[in-house]
Amino acid sequence: MSGGRRSPRAGGSVVELHHPDKELFGKGGVTKRELADHYLHAAPVMLRHLRGRPIAVQRWPHGIEDGGGFFVKNRQPGTPDWVHSARVPRESGDDDADVLMCDDSATLAWLADQDAFPLHMWLSRVDRPRRPDRIVFDLDPPEGSAPDGSAAFDAVRAAARDIRAELDDLGLIGYPMTTGSRGVHVVCPIRREVDADDAKDFARAVAERVAARRSDELTVEQRKDRRRGRLFVDYLRNGYAQLAVAPYAVRAAPGAPVATPISWEELGTISGSRAWTVRTFGRRASADPWKDFARRSRSPRAAMKRLEEPAEE
């Protein structure tokens, strides 16, 4: 993004960038221009995951230190005509919602101008909103542990590897991603064969099997007061209309950390979930350890059948 108020052409549209030097992450922190540059730099890989699906964003018109951030899920008055949206059934089923989408780099630049970060996305696309094409397991350090402590992240790392092993046994493939917040997501590409409710039930069953193998360290207990210091294997993001942070999204935290797809080898070398920030991201997007993500989607129905098979003696 160039200096001044006007950006170069992005996705065929010229996008105004107002107050590009506004510091969104505290004094001396990342500016709106830097946020826009990050989005545009990551666009080729980021849009592979965003195109065609509903999104929700947090907006921080006065920056993260003001504490005045708010969520935007639906199309708002004043949204440019070229920003895509679609009507999908609400979770309640009573009526439809006109949900935002992010299909091109121009929309990414416009979202930066709206002080919008992070971007969250559905696990399904608007043409078949009840048929997810991915399953997500969210792994954060246990309650009460320091989020940047090595022992806390070791627990996340071990749980992610447990998820990977279970998915391998079921014929599925898991991809790790730092969330840029506290932990790691393990994301599993699937064919669009099953309803969101069935996908959530399947994710719960996988989480239960993983937790049962190390029940003193892992749990699927939703109530925090019953976890007793164990790491929660969170499968809840897999329901209809639920959200997960998008790959390469910038988190609303000091330093502007980035949710970054990584390889399983890298998981063993990083010290925490905020390993990359807007200012250290550099050429990271060109590495793209998830480049084969879409090609490696597998049948959830076949995995569900394997899950139901009795364990070998």
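Because the structure is a prediction, the values reported are computed rather than measured.

Enquirer: How would you summarise the environment of Asp37 if you had to cite specific residues and measurements?
Expert: Inspection of the secondary structure puts Asp37 in helix 1 (residues 32–50). Between the C-alpha atoms of Asp37 and Ala112, which are 75 residues apart in sequence, the distance is 8.9 Å.

Enquirer: Account for helix 4 (residues 196–213), with residues named and values stated.
Expert: An α-helical turn contains 3.6 residues, so any two residues separated by three or four positions project in the same direction. Spanning 18 residues, helix 4 covers 26 Å between terminal C-alpha atoms, matching the ideal 26 Å at 1.5 Å per step. Looking at helix 4, one finds that the buried residues are Ala196, Ala199, Phe202, Ala203, Ala205, Val206, Ala207, Val210 and Ala211. On its buried face, helix 4 is in contact with strand 8 (134–139), helix 3 (150–169), strand 11 (218–219), strand 12 (231–234) and helix 7 (300–308). For helix 4, the side-chain oxygen to backbone nitrogen distance between the N-cap and Asp197 is 2.8 Å, and the N-cap itself is Asp195.

Enquirer: Got a sec to walk through the packing of aromatic side chains? Specific residues and values, please.
Expert: Enumeration according to the criterion identifies seven aromatic pairs in this entry. Ring geometry for Tyr175 and Phe293: centres 5.1 Å apart, planes at 55°, overall tilted. Here the residue Tyr175 occupies a position in strand 9 (residues 175–178), and Phe293 occupies one in the loop between helix 6 (284–287) and helix 7, the gap between them amounting to 118 residues. In this structure Phe293 comes out as buried when scored by relative accessible area, which is 6%. Ring geometry for Trp290 and Phe293: centres 5.2 Å apart, planes at 15°, overall stacked. Just as Trp290 is buried, Phe293 falls in that class too.

Enquirer: Now, about unusual backbone geometry: what can you tell me, with residues and values included?
Expert: The linkage connecting Phe117 with the following residue, Pro118, adopts the cis geometry, with an omega of -5°. With respect to the helices and strands, the residue Pro118 is situated in strand 7 (residues 116–121). Here the phi dihedral of Arg228 falls at roughly 50°; this positive angle occurs in a residue that is not glycine. Along the chain, Arg228 falls in the loop between strand 11 and strand 12.

Enquirer: Could you give me a rundown of the pairing of strand 5 (residues 85–89), with the residues and numbers involved?
Expert: Every second residue of strand 5 is oriented toward a common face, the buried set being Ala86 and Val88 and the non-buried set Ser85, Arg87 and Pro89. Taken together, the five bridges between strand 5 and strand 6 (residues 96–101) define a ladder with antiparallel strand orientation. Counterpart to Ala86 in the pairing with strand 6 is Val99. Counting the residues in the hairpin turn of strand 5 and strand 6 gives six residues, including Gly93, whose phi is positive at 80°.

Enquirer: I'd like to hear about the confidence of the model for the protein chain, residue by residue, with values.
Expert: Averaged over all residues, the pLDDT of the protein chain is 93; the fraction at 70 or higher stands at 93%. Residue range residues 1–6 is modelled with pLDDT below 50. Its contacts to residues more than four positions away, or to other chains, number 21 contacts.

About the cut-offs
- Residues numbered from 1 in each chain as written.
- Predicted model: local features only at pLDDT ≥ 70, side-chain atom pairs only at ≥ 80, totals over all residues.
- Heavy atoms only, no water.
- Helix = DSSP H or I, 4+ residues; strand = E, 2+ residues; numbered from the N terminus.
- Expected span 1.5 Å × (residues − 1).
- Buried < 20%, exposed > 50% of the residue type's maximum accessible area, 1.4 Å probe, protein only.
- Contact = heavy atoms within 4.5 Å.
- Polar contact = N/O pair within 3.5 Å; in protein donor to acceptor, adjacent residues only side chain to side chain.
- Phe/Tyr/Trp six-rings, centres within 6.5 Å; stacked < 30°, edge-to-face > 60°.
- Pairing = 2+ DSSP bridges.
- pLDDT = per-residue confidence, 0-100.

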